[in-house]
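Chain and residue survey
Each chain, letter by letter, is given below.
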Amino acid sequence: MRTALTIAGSDSGGGAGIQADIKTMITNGVFATCAITALTAQNTLGVTGIMDVDDEFLGKELDAVFTDIYPDAVKIGMVSSSALIKKIAEKLTFYKAKNIVVDPVMVATSGSKLISDDAIETLKNNLFSLATVLTPNIPEAEVISEMKITNEDEMIEASKIISEKYNCAVLLKGGHKVNDANDLLYRNGSYKWFYGKRIDNPNTHGTGCTLSSAIASNLAKGYDLDTSVSRSKEYISGALGAMLDLGKGSGPMNHGFDISSDYVLEKEN
Ligand SMILES: Nc1ncnc2c1ncn2[C@@H]1O[C@H](COP(=O)(O)OP(=O)(O)OP(=O)(O)O)[C@@H](O)[C@H]1O
Ligand SMILES: Cc1ncc(CO)c(N)n1
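All chains use their own residue numbering, which begins from 1 and follows the written sequence. To label them, take the chains in the order written and letter them from A, then take the ligands in the order written and number them from 1. Only residues with pLDDT of 70 or above have their local features reported here, since the model is predicted, and side-chain atom pairs are shown and tallied only from 80 upward, although totals for entire chains, interfaces and linings are computed over all residues. Remark: hydrogens and water are excluded; side-chain values derive from all non-hydrogen atoms of the structure.

Quick notes on the nonpolar core
Threshold: Side-chain atoms within 4.5 Å are what join buried Ala, Val, Leu, Ile, Met, Phe, Trp, Tyr and Cys residues into a set we call a nonpolar core. A 1.4 Å probe rolled over the protein chains alone gives each residue an accessible area, and that area as a share of the maximum for its type sets the label: buried under 20%, exposed over 50%, partly exposed in between.
Counting 43 residues, the largest nonpolar core has Ile7, Val74, Ile76, Ile88 and Leu92 as the members making the most contacts within it. In terms of nonpolar packing, the next biggest core, distinct from the first, is built from 22 residues, Val101, Phe194, Ile215 and Ile236 among them.

Next up, the structure:
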């Protein structure tokens, strides 16, 4: 069985963070390991507390995973401080990690801030160049590219800036404002659109975590990046389309909507 590691924060509400990642990885047919960067006290309405782990401790978590169940892919989500980001970069380099998906998490769906301002600089300088693919949403891509994004041409321009500066592929998720759940993959000077039909579901807590974990799972199984992105879009559409409605705010998706499907059973290449 292929394996994937998530390095992210815990969401007590179960819809985002480590919990979303592990549910996604299981449903996409890989064995999930984790290194937790922070605990959040969180539900569908917001985040009421954040407790970062100590960077030395995060280093021990990463050593424990990499020296035992070496991951075929790695997904990185919420990392709120510079010290933690530097520790992750050090360990990923030391262990020669491959298939690295970096979701530059900045703000939760509920509006709560999940990263400090100085950590954004460290994320850009220390982690982005290690990424196989970066998965910003539009507000995140605006911060990283330092330009406003209001239409599809500007999505292309911003992804080009990010991809060239950090020498990695960029999947810019259009869902937030510009278009109909269409995402843009920019890599090596060319781009491709991945079209998605917008599902009329207000319960979108954890969509970003889920997409990046699904991409990591598919990369772990040996699919190329294009195929991994299109399979992951299909998976997230299924999880959103299952129309789970839990909690008083923007609720979680049903990650296990089709647990007996070919996401798990399909023979891997
Ligand atoms: N209502 C929707 N219907 C279909 N696909 C959607 C919908 N909302 C988001 N998506 C898709 O889900 C994926 C995650 O995108 P999104 O822009 O929501 O990420 P995000 O903002 O990083 O998530 P989060 O709110 O968890 O931080 C993208 O592929 C996007 O196109
Ligand atoms: C722990 C955690 N990571 C990421 C997100 C972004 O959705 C969130 N809300 N919580």
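Let's pick the thread back up.
Remarks on the site of ligand 2
For clarity, the cut-off: Throughout, the term near means that a residue has one or more heavy atoms lying within 4 Å of the molecule or strand in question. Pairs of N or O atoms within 3.5 Å make up the polar contacts considered here, provided that, within protein, one atom can donate a hydrogen while the other can accept it, and that residues adjacent in sequence are counted only when both atoms are side-chain atoms. Here the accessible surface of atoms and residues is derived via Shrake-Rupley with a 1.4 Å probe, and residues count as covered only by protein chains that are part of the display. Each residue is assigned to one of three groups, with Ala, Val, Leu, Ile, Met, Phe, Trp, Tyr, Cys and Pro labelled nonpolar, Asp, Glu, Lys and Arg labelled charged, and all others, Gly among them, labelled polar.
Residues in close proximity to ligand 2 include Gly9, Ser10, Ala16, Gly17, Gln42, Met78, Val105, Ala108, Leu114, His205 and Cys209, which together make up its full environment. Interatomic distance of 2.8 Å between a side-chain N/O atom of Gln42 and a nitrogen atom of ligand 2. Protein contact buries 95% of the 290 Å² of open area that ligand 2 shows by itself. For the shell around ligand 2, the class distribution of residues is six nonpolar, five polar and no charged.

Some thoughts on helix α2 (residues 55-66)
To keep it simple, the criterion reads: To qualify as a helix, a DSSP run of H or I must reach at least 4 residues; to qualify as a strand, a run of E must reach at least 2; elements of each kind are numbered from the N terminus. How far a helix is expected to stretch is found by multiplying one less than its residue total by 1.5 Å. The directions from the helix axis to the C-beta atoms form the arc being described. Residue contacts are counted whenever heavy atoms from the two residues lie within 4.5 Å of one another.
If you check α2, its first and last C-alpha atoms are 16 Å apart, about what twelve residues at 1.5 Å a residue would give, namely 16 Å. Within α2 the residues assigned to the buried category are Leu58, Gly59, Glu61, Leu62, Val65 and Phe66. Looking straight down α2, one finds its buried side chains confined to an arc of 160 degrees; they lie on one side. For α2, the secondary structure elements touched by its buried residues are β1 (3-11), β2 (31-43), β4 (73-76) and α3 (82-94).

Quick notes on the pairing of β2
Side chains on a regular strand alternate between the two faces of the sheet. For clarity, the cut-off: By this definition, two strands are paired if DSSP reports at least two bridges between them. Here a crossover is taken to be right-handed if, once the strands point away from the viewer, the path from the first strand over the helix to the second is traced clockwise.
With nine bridges joining them, β1 and β2 adopt parallel strand pairing. The residue of β2 that forms the bridge with Thr6 is Cys34. The parallel pair β1 and β2 is bridged by helix α1 (residues 17-27), and the resulting crossover is right-handed. The pairing of β2 with strand β3 (residues 46-52) spans six bridges and is classified as antiparallel. Paired with Thr40 across the two strands is Ile50, which belongs to β3. Connecting β2 to the next strand, β3, in antiparallel fashion are two residues.

Examining a nonpolar patch on the surface
The condition is simple: Residues enter patches when their relative accessible area tops 30% and they take part in no salt bridge; the joining distance is 9 Å for like charges and 5 Å for the nonpolar side chains Val, Leu, Ile, Met, Phe, Trp and Tyr. Take a side-chain nitrogen of Lys or Arg and a carboxyl oxygen of Asp or Glu: if they are within 4 Å of each other, that pair is a salt bridge.
Judged by side-chain polarity, Met1, Phe31 and Ile69 come together as a nonpolar surface patch covering roughly 330 Å² of accessible area. Position of Phe31 among the secondary structure elements: in strand β2.

Side note on the environment of Ala220
Within the secondary structure layout, Ala220 lies in helix α7 (residues 207-220). On the basis of relative accessible area, Ala220 is assigned to the buried category, the value being 2%. For the pair Ala220 and Ile100, spaced 120 residues apart in sequence, the C-alpha separation works out to 9.8 Å. If we ignore the near neighbours within four places in the chain, the residues touching Ala220 are Arg2, Thr3, Val30, Asp72 and Ala73.

Regarding the pairing of β4
Side-chain alternation along β4 places Ala73 and Lys75 on one buried face and Val74 and Ile76 on a second face that is also buried. As judged from the four bridges shared by β1 and β4, these two strands associate in the parallel manner. Its bridge partner lying in β4, Leu5 is registered against Val74. Judged from the three bridges that link them, β4 and strand β5 (residues 100-102) form a sheet pairing that is parallel. Paired with Lys75 across the bridge in β5 is Val101. In the classification by handedness, the crossover that spans β4, the intervening α3 and the parallel β5 is right-handed.

Concerning α1
Taken as a whole, α1 has its buried residues at Gly17, Ile18, Ala20, Asp21, Thr24, Met25 and Thr27. Of the residues flanking the end of α1, it is Gly29, one or two places downstream, whose phi is positive at about 85 degrees.

Considering the sheet that holds β1
The strands making up a sheet associate through backbone hydrogen bonding, with each pair oriented either parallel or antiparallel. Where we set the bar: Think of each axis as a best-fit line through the C-alpha atoms, taken over the contacting stretch in the case of a helix, with angles from 0 to 180 degrees between the N-to-C directions.
Across the sheet, which stays open at both edges, the nine strands sit in the order β3-β2-β1-β4-β5-β6-β7-β8-β9 with mixed pairing between neighbours. Strands with a single pairing partner mark the edges of an open sheet, and in this sheet they are β3 and β9 (190-194). Where α3 meets the sheet, it contacts β1, β2, β3, β4 and β5, and its direction lies at approximately 170 degrees from that of β4. Docked against the sheet, α7 engages β1, β4, β5, β6 (133-134), β7 (169-173) and β8 (183-187), running at close to 170 degrees with respect to β4.

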